[in-house]
Amino acid sequence: MAGTPNRFQLIQQFAVTAAQMQAIETRIFDAGMPVAALMEKVALNITRHLLSILHSEYTSTPVNLIGVLVGPGHNGGDALVVARELLYRGYRVLLYSPFSKHKPLTADHFRYAASLGIEIVEAIAQLADCDLIIDGMFGFGLERPIQGDLAQIVETVNSWWNKPVFSIDIPSGIHTDTGLVLGTAIRATKTFCLGLWKLAFLREEALPWLGTSELIDFDIPVTDIHAVLGVSPDLRRLTPELARSHLPIPLPQNTHKYKQGHLLIIAGSRRYTGAALLSGLGARASGVGMLSIAVPESIKPLLSFPLPEALIIGCPETDNGAIASIADHINLDSYDAIACGPGLTADNVSVIQTVLNSHRPLVLDADGLNLLAKLDPVTTLSNRQAATILTPHRREFKRLFPQLNHESHTSIEGSREAARLTGAVVILKGARTCIATAESVIINPESTPALARGGSGDVLTGLLGGILAIQSRRSQPPELSAQVAVWWHSLAGIVAASDRTELGVDAFTLTQYLNLKQLLSHFPQFTPNGNIPRYNN
Ligand SMILES: NC(=O)C1=CN([C@@H]2O[C@H](COP(=O)(O)OP(=O)(O)OC[C@H]3O[C@@H](n4cnc5c(N)ncnc54)[C@H](O)[C@@H]3O)[C@@H](O)[C@H]2O)[C@H](O)CC1
Ligand SMILES: [K+]
């Protein structure tokens, strides 16, 4: 069926620690695959990928002289095989290894490279004229901070700011699991991650060192992956196939607007009218059947024109133009989902208490979260009888859960702990957004700094609320709606940034890129013949 993941798409959902990668590779070796054979296979795949990049992306700045950094372990071994293959294809190659001892297999490759006449230099400075550097110093075997002479070498390579550096498996110096810099690290232009994505690639702290990353498959049997990670790992990467599988299309032929979900957005204030409009536009894009928006009475007229299909409800307001109370005639339990918070202003806790007392799936964002933080989030949410989705960015997250560890590289663990404590779905937004439940975390590996602008969160809240309203009619778990919305929203940002640069994606423009048909057209696996597939439903 269109959209069913092939092997390469399937393995994209996994992310491993160094120990898990080691365990998977041990299974492969124990089953009989010689280490040398695997290294050869991996390095030949790297070479093929590298050559295709040189031929496609480095035509205007030709690469003829390639410097290869060789470490003491098998990362170095990979690099030596790549060096040999580049020599065979006519490149001039220089080898540099600051180590006198190497693992046996790496030492063999080093000896063979020398026997082929590949030049071995004695100092990193001798690579200064290279057109490209390949970083094979450390892979997932990095055990301790890089210091002393080794650190000097890394700093020298990083000082060649206009020279491309391609790292094998992971930039040397980056911790495979935490993504943190151990001492110092290579700032890679591109990283070829080997076999399975390492956890570091899901840590936003590592992004400045990873460069653009590509996964180099080397046919790890899925049975070995499942044997180490489990058949349903509790940490996965959000893939297009996963997100597509949760999209509520095609619709049933005999549906009607009431079956397509009714969302109530509670948002806006005289000070922040735009937030209510942006979340309304996000909800519109979701395909939700009915949309109601509760706003302070005085700003009601501002929303009716741009959102003619929405029912705009005026609420009593405070002197400074915030919602004083939910209008009496609003029955919160008559909606399929509620989204509360954008532009609300955090003056009036009673509004959030009324909303929390409802029995409907609820998205809390922005000032909805800041108001929740004034209550006891853990107790309040644990007692709530319906699904709750929180959408904090890091600062709101810290305000909500001061008891958790908030040092960098803890988003994955922190979001899962918050979900466990509250029973809510926690979307911890950032360059790598985490979608956590008490049982698992899905991380969105794709995003764009173009989304780091006021209002883009309001759009997500509306989009998410709409999907939640549609899917709650289908009894779909709320975390799946969260996955769809996060993927849809970030993809729209990525496409908008590619059309308009990263500076050109204001929140209103973002809403114009939420067209699902256009977004899905970027994935041939979903629309092989350009038509939306029709399934029996
Ligand atoms: N497992 C395999 O056969 C394959 C691995 N692949 C590649 O190999 C690396 C992992 O190899 P490994 O030898 O385990 O680790 P490294 O190459 O990263 O080298 C670590 C090596 O260096 C020593 N060391 C660690 N930290 C430091 C430090 N700060 N200063 C000095 N020395 C340090 C440590 O003792 C080790 O000896 C993997 O990333 C792949 O690139 C193949 O791709 C597949 C087969
Ligand atoms: K490396």
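Source: prediction; values computed, not measured.

1. Considering the overall build of the protein
For step 1, the next point in the chain: Of regular secondary structure, the protein possesses 20 helices and 19 strands.
For step 2, the next point in the chain: The C-alpha radius of gyration of the protein comes to 26 Å, within 12% of the 24 Å expected for a compact globule of 537 residues.
For step 3, the next point in the chain: A principal-axis box enclosing the C-alpha atoms of the protein has dimensions of 85 × 50 × 45 Å.
For step 4, the next point in the chain: Of all 537 residues assigned to the protein, the portion counted as buried reaches 57%.
For step 5, the next point in the chain: The long-range fraction of contacts in the protein, counting pairs at least 24 apart against all pairs at least 6 apart in sequence, stands at 73%.
For step 6, the next point in the chain: Taking the average location of the 42 positive side-chain charges in the protein and that of its 47 negative ones, the two points are 5 Å from each other.

2. Some thoughts on the pairing of strand E3 (residues 92-96)
One face of the sheet, then the other: side chains in a regular strand alternate in exactly this way.
For step 1, the next point in the chain: By the criterion of burial, E3 is predominantly enclosed, with four of the five residues buried.
For step 2, the next point in the chain: Relative to E3, strand E2 (residues 65-70) is paired through five bridges, and the arrangement is parallel. Pairing of Val 68 across the sheet is with Leu 95, part of E3.
For step 3, the next point in the chain: Each parallel crossover has a hand, and the one from E2 via helix H4 (residues 74-88) to E3 is right-handed.
For step 4, the next point in the chain: In the sheet, E3 pairs with strand E4 (residues 119-120) via two bridges, with the strands oriented parallel. Of the residues in E4, the one forming a bridge with Leu 95 is Ile 120.

3. Re the UniProt feature "domain: YjeF N-terminal" (unreviewed entry) in the protein
For step 1, the next point in the chain: When the UniProt feature table is mapped to this numbering, "domain: YjeF N-terminal" (unreviewed entry) covers residues 21-226.
For step 2, the next point in the chain: Annotated as 39% helix and 17% strand, the span residues 21-226 places its first and last C-alpha atoms 12 Å apart.

4. What about the coordination of the potassium ion (ligand 2)?
For step 1, the next point in the chain: For the potassium ion (ligand 2), the full set of protein donor atoms is Asn 75 (OD1), Asp 135 (O), Phe 138 (O), Ile 168 (O), Ile 170 (O) and Ser 172 (OG), at a range of 2.7 to 3.2 Å.
For step 2, the next point in the chain: What the six donor atoms of the potassium ion (ligand 2) show is an angle range of 69 to 172° at the metal, which sorts the shape as irregular.
For step 3, the next point in the chain: We note that the donor set of the potassium ion (ligand 2) lies within a single chain, spaced as N-x59-D-x2-F-x29-I-x1-I-x1-S. Of this pair, Asn 75 sits in helix H4 while Ile 168 is found in strand E6 (residues 165-168), placing the two residues 93 residues apart along the sequence.

5. Examining the sheet that holds strand E15 (residues 362-364)
For step 1, the next point in the chain: The ten strands lie next to each other as E10-E19-E18-E17-E16-E15-E14-E11-E12-E13, forming an open sheet whose pairing is mixed. Two strands in the sheet have a free side with no partner beyond their single neighbour: strand E10 (235-237) and strand E13 (311-315). The average angle at which neighbouring strand axes cross in this sheet is 15°, direction not considered.
For step 2, the next point in the chain: As defined by bridge partners, strand E12 (residues 290-296) adjoins E13 across five bridges and the pair is classed as parallel.

6. What to know about the nonpolar core
For step 1, the next point in the chain: Ranked by internal contacts, the top residues of the largest apolar core, which has 59 residues, are Leu 263, Ile 293 and Trp 488.
For step 2, the next point in the chain: Ranked by residues supplied to this core, first place goes to helix H18 (residues 478-500) with eleven residues.
For step 3, the next point in the chain: Counting residues in each nonpolar core, the second largest holds 58 residues, with Ile 24, Leu 80, Phe 140 and Trp 209 among its members.

7. What about the site of ligand 1?
For step 1, the next point in the chain: Taken together, 22 residues lie near ligand 1, and Glu 25, Asn 75, Lys 103, Gly 139 and Asp 169 sit nearest.
For step 2, the next point in the chain: For ligand 1, an oxygen atom lies 2.8 Å from a polar atom in the side chain of Lys 103.
For step 3, the next point in the chain: Arg 144 places a polar main-chain atom, nitrogen or oxygen, 2.9 Å from a nitrogen atom of ligand 1.
For step 4, the next point in the chain: Considering ligand 1 on its own, with 860 Å² of exposed area, one finds that the protein chains cover 90% of that surface.
For step 5, the next point in the chain: Of all the secondary structure elements, the ones that give two or more residues to the shell around ligand 1 are helix H2 (18-30), helix H3 (35-57) and H4.
For step 6, the next point in the chain: Its residues assigned to classes, the shell around ligand 1 comprises eleven nonpolar, five polar and six charged.

8. Here's the deal with the packing of H2 against helix H8 (residues 222-229)
For step 1, the next point in the chain: As a packed pair, H2 and H8 sit with axes 9 Å apart at the nearest point and diverge in direction by 135°. In terms of their interaxial angle, H2 and H8 are classed as oblique. Handedness of the crossing formed by H2 with H8: right-handed. Residues Gln 20, Ala 23, Ile 24, Arg 27 and Ile 28 of H2 touch H8, and the partners they reach there are Thr 223, Asp 224, Ile 225, Ala 227, Val 228 and Leu 229.
For step 2, the next point in the chain: A class-by-class count of the residues in the contact of H2 with H8 yields seven nonpolar, two polar and two charged.

9. Regarding the UniProt feature "binding site: K(+)" (unreviewed entry) in the protein
For step 1, the next point in the chain: Residues annotated by UniProt as "binding site: K(+)" (unreviewed entry) correspond here to Asn 75, Asp 135 and Ser 172. These annotated residues cover 98 residues of sequence, but their C-alpha atoms sit close together, with the largest distance between any two at 9.4 Å.
For step 2, the next point in the chain: Sequence-distant contacts of Asn 75, defined by excluding residues within four places in its chain, comprise Asp 135, Gly 136, Met 137, Phe 138, Gly 139, Ile 168 and Asp 169.
For step 3, the next point in the chain: Reaching out from Asn 75, the side chain makes a polar contact with the backbone nitrogen of Phe 138 at a distance of 3.4 Å.
For step 4, the next point in the chain: For Asp 135, the position within the fold is in strand E5 (residues 132-136).
For step 5, the next point in the chain: Take Asp 135: its relative accessible area is 0%, and that puts it in the buried class.
For step 6, the next point in the chain: Here Asp 135 is in contact with Leu 69, Asn 75, Val 165, Phe 166, Ser 167, Ile 168, Ile 170, Pro 171, Ser 172 and Ile 186, once residues within four sequence places are set aside.
For step 7, the next point in the chain: There is a polar contact of 3.2 Å between the side chain of Asp 135 and the backbone nitrogen of Met 137.

10. A few points about the pattern of salt bridges
For step 1, the next point in the chain: The final tally for this structure, using the stated rule, is 20 salt bridges.
For step 2, the next point in the chain: Residues Arg 84 and Glu 40 are paired through a salt bridge, measuring 2.1 Å at the closest nitrogen-oxygen approach. You can see Arg 84 sitting in helix H4 and its partner Glu 40 sitting in helix H3, a full 44 residues away along the chain.
For step 3, the next point in the chain: Arg 144 is the salt-bridge partner of Glu 143, the closest N and O atoms lying 3.1 Å from each other.
For step 4, the next point in the chain: Taking the relative accessible area as the measure of exposure, Arg 144 reaches 57% and is therefore exposed.
For step 5, the next point in the chain: Linked by salt bridges that have partners in common, Arg 7, Lys 41, Asp 217 and Asp 219 make up one network.

11. Considerations on the packing of helix H17 (residues 456-472) against H18
For step 1, the next point in the chain: Contact geometry of H17 with H18 gives a least axis separation of 9 Å together with a crossing angle of 140°. When the axis of H17 is compared with that of H18, the two are oblique. You can see that H17 and H18 cross each other, and the crossing is right-handed. Where H17 approaches H18, its residues Ser 456, Val 459, Leu 460, Leu 463, Leu 464, Ile 467, Leu 468 and Gln 471 are matched on the opposing element by Pro 478, Ser 481, Ala 482, Val 484, Ala 485, Val 486, Trp 488 and His 489.
For step 2, the next point in the chain: Here the contact of H17 with H18 is composed, by residue class, of twelve nonpolar, four polar and no charged.

Scoring rules and cut-offs
Starting from 1, residues in each chain are numbered consecutively following that chain's sequence as written. Labels are handed out in written order, letters beginning with A for the chains and numbers beginning with 1 for the ligands. Totals for whole chains, interfaces and linings use all residues, but because this is a predicted model, local features are given only for residues with pLDDT of at least 70 and pairs of side-chain atoms are given and counted only at 80 or more. The basis for every side-chain value is the complete set of non-hydrogen atoms in the structure, without hydrogens or water. Going along the chain from the N terminus, every DSSP run of H or I of four or more residues is numbered as a helix, and every run of E of two or more is numbered as a strand. C-alpha atoms define the radius of gyration in this analysis, and the globule rule sets the expected value at 2.2 Å times the number of residues to the power 0.38. Exposure classes here rest on a 1.4 Å probe applied to the protein chains alone. A residue is buried below 20% of its type maximum, exposed above 50%, and partly exposed in between. By definition, residues are in contact when any of their heavy atoms lie within 4.5 Å. When charges are counted, Lys and Arg contribute as positive and Asp and Glu as negative, whereas His and the chain ends are disregarded. By convention, the charge on Lys lies at NZ, on Arg at CZ, on Asp at CG and on Glu at CD. When DSSP finds at least two bridges between two strands, those strands are taken to pair. Whether a crossover is right-handed depends on one test, that the path from the first strand over the helix to the second runs clockwise when the strands point away from the viewer. UniProt positions are given in the numbering used here, feature names are shortened, and annotations may be inferred rather than shown by experiment. Water is absent from the atoms considered, so a metal site may look incomplete; donors are defined as N, O and S atoms within 2.8 Å of the metal, or 3.2 Å for Na, K and Ca. Site shape is set this way: if four donors have all angles between 85 and 135 degrees, tetrahedral; if opposite donors are over 155 degrees apart and all others between 65 and 115, square planar for four donors and octahedral for six; otherwise irregular. Helix axes are fitted to C-alpha atoms over the stretch in contact, other axes to C-alpha atoms as well, and angles between N-to-C directions run from 0 to 180 degrees. In this text, buried Ala, Val, Leu, Ile, Met, Phe, Trp, Tyr and Cys residues form a nonpolar core when linked through side-chain atoms within 4.5 Å. One heavy atom within 4 Å of a molecule or strand is enough for the residue carrying it to be called near that molecule or strand. Here a polar contact is taken to be a pair of N or O atoms separated by no more than 3.5 Å, where protein atoms must pair a possible hydrogen donor with a possible acceptor and residues adjacent in sequence count only if both atoms sit in side chains. Only the protein chains shown count as cover for residues, with accessible areas throughout obtained via the Shrake-Rupley method and a probe of 1.4 Å. Only Asp, Glu, Lys and Arg are considered charged in this grouping, and only Ala, Val, Leu, Ile, Met, Phe, Trp, Tyr, Cys and Pro are considered nonpolar; every other residue, Gly among them, is considered polar. Each angle receives one of four descriptions, namely roughly parallel if under 35 degrees, roughly antiparallel if over 145, roughly perpendicular if within 65 to 115, and oblique otherwise. Each crossing gets its handedness from the near helix: less than a right angle anticlockwise from the far helix is left-handed, clockwise is right-handed. Here, a salt bridge means any Lys or Arg side-chain nitrogen found within 4 Å of an Asp or Glu carboxyl oxygen.

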